[in-house]
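Remarks on the overall topology
Single-letter residue listing:
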Amino acid sequence: MNIWNKLEKPFLILAPMEGVTDVIFRQVVAKAGRPDLFFTEFTNVSSYASEKGRANALERLEIVPTDKPIIAQIWGKNPEHFAETVKALSSLGFAGVDLNFGCPDKNVNRAGGGAAMIKTPDLAVECLREARKNTDLPVSVKTRLGWKDPEEFKTWLPILLKEHPAALTVHLRTKKEMSKVPAHYEIIPEIVKLRAELSPETKLIINGDIKDKAHALELYEKYPEIDGFMIGRGVFSNPYCFTNHIPSRDELMELLDLHLDLYEEYSKNHRVSYEPLKHFYKIYINNFPGASDLRAKLMETHSIEEARAVLENLC
Ligand SMILES: Cc1cc2nc3c(=O)[nH]c(=O)nc-3n(C[C@H](O)[C@H](O)[C@H](O)COP(=O)(O)O)c2cc1C
């Protein structure tokens, strides 16, 4: 059965976040309290379609049993490359494919992908159709309200809904707004109406500034037509955000330990660099007495061994 029809309302999803929701961090979140559904970080279809880029693309699409069910998110602007990439995804164990039509990154947009698709709707539709034609997996879309003006949702979202995607995730901001203004919750009723009129079978997922499960349930009470809620940066403030649990210092330190173990295991057969790992420390070393001093010490480390030494001295 289509994964989107299996999920019970209101379902919770960990947002795809490049450089964050990799195979390691997803295992940490699964341990803390899993969402109903994971997404991968986005993978470029032209990278998958090229001889040089394929190995890297496949590495980004590596999944482990605790990830399941998981959706592969892809981006690009070449319909043939979308077709070629989606053909591979069901054999890799994914439950669905999501097309990224919302990323505001300059390089992605210059390459014609992500939010740039909002400005080339015919191409967006062509990519969506090619993806659907070439896989049995359900195909969904994640996008923003528009490029510049939030009111653009009135023309952009109908274009997508008329294609009847399996699910539509709307990050309630425009590309230009990045994440700098509060999410436009006030627009939800109009989006709900569009979905009901144009594609009632499409699952509607709302994204933007949702802190945790309790916050999602609050929104669900107000807008019961929404099917699911996607949480991104909320996981930085609380890796247990998919439960209603407030972790103790010891629980956070255990998660950090798990993250380091998984990283070490992963580094045995993948090329990794230590610096990006440091970005995760603020997630665990947070909200307890002495956290900022400890975080500062960890940020000065240059290897996992140095980090372990700082943590051992603590005990
Ligand atoms: C570091 C970072 C990386 C992101 N990478 C992706 C991505 O690969 N694909 C995507 O669709 N959105 C990406 N996003 C956007 C998030 O999925 C989400 O839409 C956005 O953060 C708003 O949700 P939030 O307010 O819950 O964080 C990223 C966001 C952040 C902060």
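The structure reproduced in this document is the subject of the present report.

Across its full length, the protein holds 16 helices and eight strands. A globule of 315 residues ought to have a C-alpha radius of gyration of about 20 Å, and the protein, at 20 Å, matches this closely. For the protein, the spread of C-alpha atoms along the three principal axes comes to 60 × 50 × 35 Å. Put simply, the protein has 315 residues, and 44% of those count as buried. Sequence-distant contacts in the protein: of pairs separated by 6 or more residues, those separated by 24 or more amount to 71%.

A separate point is the pairing of strand β7 (residues 203-207). The buried fraction of β7 is high, at five of five residues. Burial along β7 is two-sided: Lys 203, Ile 205 and Asn 207 and Leu 204 and Ile 206, pointing in opposite directions, are all buried. In terms of strand pairing, strand β6 (residues 167-174) meets β7 through five bridges, oriented parallel. What sits directly across from Ala 167, in β7, is Lys 203. The pairing of β7 with strand β8 (residues 228-231) spans three bridges and is parallel. Counted as the bridge partner of Asn 207 is Met 230 from β8.

Once that is clear, we can look at the nonpolar core. In this structure, Val 97, Phe 229 and Ile 231 are the most contacted members of the largest nonpolar core, which totals 80 residues. Here the element with the most residues in this core is helix α2 (residues 23-33); it accounts for six residues. When we break this core down by domain, the ones giving at least three residues each are domain 1 (3-237) and domain 2 (249-314). For Val 97, the residues in contact, after removing those within four places along its chain, are Ile 71, Ala 72, Ile 74, Val 86, Leu 89, Ala 131, Thr 135, Leu 137 and Val 139.

Another aspect to go through is the packing of helix α5 (residues 79-89) against helix α7 (residues 121-133). Helix-helix packing is described using two parameters, namely the angle between the two axes and the distance between the axes. Contact geometry of α5 with α7 gives a least axis separation of 8 Å together with a crossing angle of 25°. By the angle between their directions, the pair α5 and α7 is classed as roughly parallel. Considering how the two elements wind past one another, α5 and α7 form a crossing that is right-handed. Counted together, Pro 79, Phe 82, Ala 83 and Val 86 of α5 and Glu 126, Cys 127, Glu 130, Ala 131 and Lys 133 of α7 form the full contact between these two elements. Looking at the contact of α5 with α7, its residues break down into six nonpolar, no polar and three charged.

Moving on: the site of the ligand. Every one of the 23 residues lining the ligand counts as a neighbour, but Ala 15, Met 17, Glu 18, Gly 232 and Arg 233 are closest to it. In terms of residue class, the shell around the ligand is made up of eight nonpolar, 10 polar and five charged.

Here Leu 14 is to be found in strand β1 (residues 11-14). A C-alpha to C-alpha distance of 9.3 Å links Leu 14 and Gly 234, two positions 220 residues apart in sequence. In this view, Leu 14 contacts Thr 21, Val 29, Pro 35, Phe 38, Phe 39, Ile 231 and Val 235; residues no more than four positions away in its chain are not counted.

Next up on the list: α2. Counting buried residues along α2, eight of its 11 residues qualify, which places the element largely inside the surrounding structure. Turning to α2, its buried residues number three or more, namely Val 23, Ile 24, Phe 25, Arg 26, Gln 27, Val 28, Val 29 and Ala 32. On its buried face, α2 sits against β1, β2 (38-44), α11 (234-237) and α12 (249-267).

Another point: the sheet that holds β8. Strand order in the open sheet formed by eight strands is β1-β8-β7-β6-β5-β4-β3-β2, and the pairing between neighbours is parallel. This sheet does not close on itself; its edge strands, each paired only once, are β1 and β2. For this sheet, the mean inter-axis angle between neighbouring strands, taken without regard to orientation, is 25°. Where strand β3 (residues 70-75) and strand β4 (residues 96-101) come together, four bridges link them in parallel fashion. Within β4, the residue paired with Ala 72 across the bridge is Val 97.

Right, let's get into the packing of α12 against helix α16 (residues 304-314). The interhelical angle for the contact between α12 and α16, taken along N-to-C directions, is 160°, at an axis separation of 12 Å. Considered as vectors, α12 and α16 are oriented roughly antiparallel to each other. Taken as a pair, α12 and α16 cross one another with a handedness that is left-handed. Facing α12, whose interface residues are Leu 260, Tyr 263 and Glu 264, α16 presents Ile 304, Ala 307 and Arg 308.

Reading guide: rules and limits
Residues numbered from 1 in each chain as written. Predicted model: local features only at pLDDT ≥ 70, side-chain atom pairs only at ≥ 80, totals over all residues. Helix = DSSP H or I, 4+ residues; strand = E, 2+ residues; numbered from the N terminus. Rg over C-alpha atoms; globule rule 2.2 N^0.38 Å. Buried ≥ 20, exposed ≤ 12 C-beta atoms within 10 Å, placed from the backbone. Contact = placed C-beta atoms within 7 Å. Pairing = 2+ DSSP bridges. Core = buried A, V, L, I, M, F, W, Y, C linked by C-beta atoms within 7 Å. Domains from an automatic or database assignment. Axes fitted to C-alpha atoms, helices over the stretch in contact; angles between N-to-C directions. Parallel < 35°, antiparallel > 145°, perpendicular 65-115°, else oblique. Left-handed = near helix turned anticlockwise from the far one by under 90°. Nonpolar A, V, L, I, M, F, W, Y, C, P; charged D, E, K, R; others polar. Near = placed C-beta within 6 Å.

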